[in-house]
Every structure is written in structure tokens, then in C-alpha cells.
Amino acid sequence: MSDRWYQKAVIYCADIDTFADSNGDGVGDIKGLIGRLDYLARLGITCLWLNPIHPTPDRDDGYDVADFYNVDPRFGNLGDFADLLHQARDRGIRVIIDLVVNHTSDQHPWFQSARSSPDSPYRDWYVWSDAEPEDRHQGMVFPGEQAETWSYDRTAKKWFYHRFYKFQPDLNINNPEVREEIKKICAFWLQLGVSGFRMDAVPFIVEQTEPGNPDSPKDMEFLSELRQYIQWRQGDAVLLAEANVEPEQLKEFFGDAGGSANRIHMLFDFMLNSRLMLSLARGNPEAIIDALRDTPKLPVGGQWATFLRNHDEVDLSRLTAEQRAEVFAEFGPDENMQLYGRGIRRRLATMLGNDRRRIELAYALQFSLRGTPVLRYGEELGMGEDLTQDGRNAIRTPMQWSLAANGGFSTAAADQLVRPVITGGDYGYERLNVTLQRHDTKSLLSWFERMIRTLKEAPEVGTGSCTHVDVPASTGLLVHRADGATGTVLFLHNLAPEAGEVDLGSLYPEADFPNDVLADQEYPEPGKLDKLTVGGYGYRWIRLCRKP
Ligand code: NOJ
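Being a predicted model, the structure only gives us computed values, none of them experimental.

S.K.: Looking at this structure, I do not really get the packing of aromatic side chains. What am I missing?
M.R.: Any two aromatic rings considered together are summarised by their centre-to-centre distance and by the angle between their planes. This model, assessed by the stated rule, comprises 34 aromatic pairs. Between Trp 128 and Phe 160 the ring centres are 6.3 Å apart and the planes differ by 70 degrees, which places this aromatic pair in the edge-to-face class. A residue pair is termed long-range when its members are at least 10 positions apart, and Trp 128 in strand S4 (residues 128–129) and Phe 160 in strand S6 (residues 158–161) qualify at 32 residues. The buried category is assigned to Trp 128, whose relative accessible area is 14%. Assessed through its relative accessible area of 4%, Phe 160 is described here as buried. Ring geometry for Trp 447 against Phe 448: centres 5.1 Å apart, planes inclined by 80 degrees, an arrangement best described as edge-to-face. Given the relative accessible area of 0%, Phe 448 is considered buried. One aromatic cluster in this structure is built from Phe 142, Phe 164, Tyr 165, Phe 167, Phe 204 and Tyr 340.

This is how it looks when you write it as C-alpha cells:
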């Protein structure tokens, strides 16, 4: 299979509850999202990743699922969802959904049954311990919000394991029935027409948890099993995994059967994400160059998913303490902007001081680095955060569509909204919204549309190789190239405020009428490539040559 759609995709992540409300109840819904598909099509995205869509007590923004076979009634029903899939497909947009099967909500009927009796058929679907595990206070993912990973259940009179919040008991992957059920869930949604899954918390799904052993073994074979299963059900379905692990473990998640990935197709590149943040904070690309160098070579079909912001905090845990402190100082200096001691709960525009040059630079860079770009809703407008909201909710405010009340998100009374819309100041909907930016050819939204169109004419980024061009250049300048079956594109990104230059004359023999296809400003023709200049925080995408 040479044509893998996910390698050329542009993925957009939206949360239905904060995107568009069609019935005025204050909560976004599927019909509202359908009404905005034309907007997404115009933006140029080709794949929509929806954060959890299932019925939920909503104590972790839907990542606490109470029924895997339905949609949250606040969003609509399965018929609406099928319509969404149809309407999206009509516009060339695929849909992938979050698959959250490391745990369930404690309100899920499986857990309710499991805890109620030792004879429950679901008892062994969860992870229990009779005695208090010694590692009870280890491995918490949300320090400050979560005190332990084992909690006592009075009804079951046992301890149960929960890698995340206490209301999210872990499913027992050792149980063959659980494994079958996960496959059945995938099969159900594939049958409805989704194109794959963003798999939540994959390193924890495969954990064969043993009480008292904080380093329990992992059953990676489950991922091979699942991959094979979904591929038989739907040949072009993809798995996009969240696996924020040490670099040397990453390849295990892709799997490698005779050189081909046989587990996960795509992994979010967390390593690159934190190095990007560090480089942007320093105005120096060294950390990105290190990341490109350290990236393990992927098996055939394996792909990175790049991102700058997602629905969680910017996770800086894989940087050293000093590096983390540097990023905090630049992008999240107030304690209130930081989270879990490791991250920043802000959007990109605010972190970059709303400096348009830097925002464009950062996104031009992300979208041109190897892999498939993922964009979080609202980033295309430069939306900000609401730090009065708890934790990660700061960056989960409603989409800002227009100047209408509630930014056009909902006609409900402002105090009835799922979360307040950002108002006032530079980031409030009065100044920052889709309608205003749509009418302005110089807006960030218009720039994103142009940038994505240009990327689509450079399939080398997603399908080819990505190499740092190691030549003497000004300190802030990163030069890299993407080579693929269709040709070569050169990328110059200047992370520093002062102008930079580089001599790429050595590449001229490969060139065939090189020209700027995207740049922050008009530059002189690239000529023989020996005198290339880039403005402060500027960038140039240069088509070096095209192959027929
Ligand atoms: C990772 C998700 O990205 C995050 O939002 C969620 O809280 C945890 N997994 C638990 O499901």
C-alpha cells in the first residue's frame, strides 16, 4: 500500500461541547458541528479528531466514559453522528474519535456491577487488590488533583487501581473478555464510518498492573492484536496514539514486523513538542535539531503526528529542570499559568505574546516538520485562554465564531454555557472571531488557509524524509528539507528576532527554478541560493525541485 491517507492528512481536533451549539441549550452538539463543516473544509483540514463523544458524568471532560456504544445525549444521538460522518465525507473530511479504554467512568454499569459482588461477570474487568498496595501513592498523572493510584472501594471491600482520577477505574487488559470488548467497540464505530481512533493513554492500556509493582509489565502484543483486528475490519483505518514515553520505547509502540509498523500507525511526537517549545523560548533551533537527530527511524507506515497545542497542558516533563524553567519563564511565568509542576495551561498565541510574526513562524515550522500536523480548534484564530477556569479547562473555552452574543457559539444565556466564552481585551470574541478574520485577507485565519493549501502542494512533508541541512547559518535559523517521490522543498525558519542569512549554494545543483511558495514577506528571488535572507521571526518555504 503506497498511498496512506494519514500521511497526507491535516488533522483538526475539536471538542463537540465547545464548538457550536445548534439548539441553544448552552452545550455544543453534533448538529452545530455539521453546520460548521464548510468552515473546516475551507480551512483545508482533511481529518477531524473528536474528543470523547460518549455519555459521561463529565468529570474529566468526557475522558470518563459511561457507555462506549452511544453518543452523549447532550450532543445528539447516533443518527446525528451518522449524519456527521456522511456530511464530513461529502466534503473530503474523515472523522476519527477518541478511544478511551484504559479506564471507564466509575459510573459505567460494568464498574457498578463489578464492585457490587464477587460473582459479577464484570468483577475481573477491573484491577483489584485485597490488601493495600505499597505503591498506592505512586504513578499519579495529575499531581495536586490526584492523591493515589489505588483507592479503597467500600462496596467491593477491595482496593481498585486507577492510573488517572479516582473516578476512572482501570480496565484489566489481562482479561480476554476486556480485550474482545475493546475490539468490539472499535468495530462498532468503524462500521458507522469513522476512519480510526485517537487512542488515549496507550502506555497504560497495555499495563499488566500488579499491586505493589510500580513497574508492572506491559503487554505490547495487545496492540498488534488490535491493529490486526481493525485492519481486517477496515483496511484504511488508523490508530493515532497518545504515548508520552521515553524515546527508546517509542518504536515498541509502532511495532516492527519485517520492517513494517504492525501496531500503532501514528504517534503524537511529544518529544518534538517540548523541544519546539524550548527552541521557541530560546529563539534558537538547537533543541529541534537535536530532536530531529534523536528521532528513531520509523518502520514503514509509521508516522509522527506533530502538534503545538492540544486539549491538555503543554507537557514539559521530558525537558531537564533547567530547560523547563526556561520555558516557564518565557511562556508561563505566573504560577497560575502552570499545571502539575510540568506544564503550561495556555494557548499558543498568548504564550507568544500575541506576536503575529511568532505565531506564524511557530505554525509554519510545526506544519513543515516531518509527519502529519494536528491543529487544536481556535488556534487558527489565535484564541487565548481563561485562567479563571480550573486546570486544563482554561484552554477549553467555546469557539469564537462571530460578534453575536456568546461569540456566536450559543444563543443560551451566558450563565448557561458549558464554559464561559472569552470576552473583552485582545482575545475576547468581540475582537477575535471567525467572521472578522474571514473578511480580512491578512488575518491569521486567512494565513492558515493559505499555509494549509501550500502544504497540500508539498506532500513531501508527510510522505518523505525530513533532514536538517547542516550548513553555517545565523544562530536563530533552522534549515531543513523534505524529500519525497514528488520532489524537494527547503524550509528556512528564523526563531530569532533579528534577521538571518544562509548560503545554500551547495544545493543549487539540485534546484530546478527554485521559488518561494510561502514566506512571511516578499523576498528577492532565491537565485543561486547563495544569499538567502530571512527576516526576524520570518520563514521561507522554497520549492527546490519537482519530480514528475
Ligand atoms: C489523556 C487525555 O489527553 C487527558 O485529557 C485525560 O484526562 C487523560 N488521558 C485521562 O483519560
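S.K.: Just to check I follow, could you spell out helix H5 (residues 176–192) for this structure?
M.R.: For the α-helix, the turn length of 3.6 residues means that residues three or four positions removed from each other point alike. Compared with the 24 Å implied by 1.5 Å per residue over 17 residues, the 25 Å span of H5 between its first and last C-alpha is a close match. Along H5, the residues classified as buried are Val 178, Arg 179, Glu 181, Ile 182, Lys 183, Ile 185, Cys 186, Ala 187, Trp 189 and Leu 190. Each element contacted by the buried residues of H5 is listed here: helix H3 (78–90), strand S3 (94–99), helix H4 (109–116), strand S7 (196–199) and helix H7 (221–233). Its side-chain oxygen placed 2.8 Å from the backbone nitrogen of Glu 177, Asn 175 serves as the N-cap of H5. Gly 193, located one to two residues past H5, shows a positive phi value of around 125 degrees.

S.K.: How do you make sense of helix H8 (residues 247–254) when you look at a structure like this?
M.R.: Considered for burial, the residues of H8 that qualify are Leu 250, Phe 253 and Phe 254. Angular distribution of buried residues about the axis of H8 spans 95 degrees; they occupy a single face of the element. Its buried side turned inward, H8 meets helix H6 (202–205), H7, strand S9 (266–268) and strand S10 (303–307). Downstream of H8 by one or two residues, Gly 255 has phi in the positive range, about 75 degrees.

S.K.: I'm lost on the pattern of salt bridges in this one. Help?
M.R.: When the charged atoms of two side chains lie near each other, side chains of opposite charge can form a pair. According to the stated counting rule, one finds 42 salt bridges in the structure shown. Where Arg 91 meets Asp 38, a salt bridge forms, and the shortest distance between an N and an O atom there is 2.6 Å. Note that Arg 91 is positioned in the loop between H3 and S3 and Asp 38 in helix H2 (residues 37–43), a separation of 53 residues in sequence. Looking at Arg 91, the relative accessible area reads 29%, which means it is partly exposed. Between Asp 426 and Arg 431 there is a salt bridge whose closest N-O contact spans 2.6 Å.

S.K.: Could you clarify how one ought to interpret the site of the ligand in this entry?
M.R.: Around the ligand, a shell composed of Asp 60, Tyr 63, His 103, Phe 142, Phe 164, Arg 198, Asp 200, Glu 242, His 311, Asp 312, Arg 392 and Arg 396 is seen. His 311 places a polar side-chain atom, nitrogen or oxygen, 2.8 Å from an oxygen atom of the ligand. Protein contacts shield 98% of the accessible area of the ligand, which totals 300 Å² for the unbound molecule. Under a 2 Å grid-point criterion requiring more than half of the atoms, the pocket assigned to the ligand is the largest pocket. Looking at side-chain class alone, the shell around the ligand contains three nonpolar, two polar and seven charged residues.

S.K.: Would you mind showing me how to read the sheet that holds S3 here?
M.R.: Strands sit in the order S1-S2-S3-S7-S8-S9-S10-S14 around a closed barrel of eight strands; the barrel is parallel. Sheet twist, expressed as the average angle between the axes of neighbouring strands with direction ignored, equals 25 degrees. Where strand S1 (residues 11–14) meets strand S2 (residues 47–50), four bridges bridge the pair, whose relative direction is parallel. Each residue of the ladder has a partner; that of Ala 14, found in S2, is Leu 50. Most of the contacts of H5 go to S7, to which it runs at about 135 degrees, and overall it touches S3 and S7. Along the sheet, H7 contacts S7 and strand S8 (238–241); its crossing angle with S8, the most-contacted strand, is approximately 145 degrees.

Reading the values: the criteria
Residues numbered from 1 in each chain as written. Predicted model: local features only at pLDDT ≥ 70, side-chain atom pairs only at ≥ 80, totals over all residues. Heavy atoms only, no water. Phe/Tyr/Trp six-rings, centres within 6.5 Å; stacked < 30°, edge-to-face > 60°. Helix = DSSP H or I, 4+ residues; strand = E, 2+ residues; numbered from the N terminus. Buried < 20%, exposed > 50% of the residue type's maximum accessible area, 1.4 Å probe, protein only. Expected span 1.5 Å × (residues − 1). Contact = heavy atoms within 4.5 Å. Polar contact = N/O pair within 3.5 Å; in protein donor to acceptor, adjacent residues only side chain to side chain. Arc of directions from axis to C-beta. Salt bridge = Lys/Arg side-chain N within 4 Å of Asp/Glu carboxyl O. Near = heavy atom within 4 Å. Areas by Shrake-Rupley, 256 points an atom, 1.4 Å probe, with all protein chains shown as cover. 1 Å grid on protein atoms, 1.4 Å probe; cavity = no way out; pocket = protein on both sides within 12 Å on 5 of 7 lines; lining within 4 Å. Sits in = over half its atoms within 2 Å of the grid points. Nonpolar A, V, L, I, M, F, W, Y, C, P; charged D, E, K, R; others polar. Pairing = 2+ DSSP bridges. Axes fitted to C-alpha atoms, helices over the stretch in contact; angles between N-to-C directions.

By themselves these figures say nothing about function.
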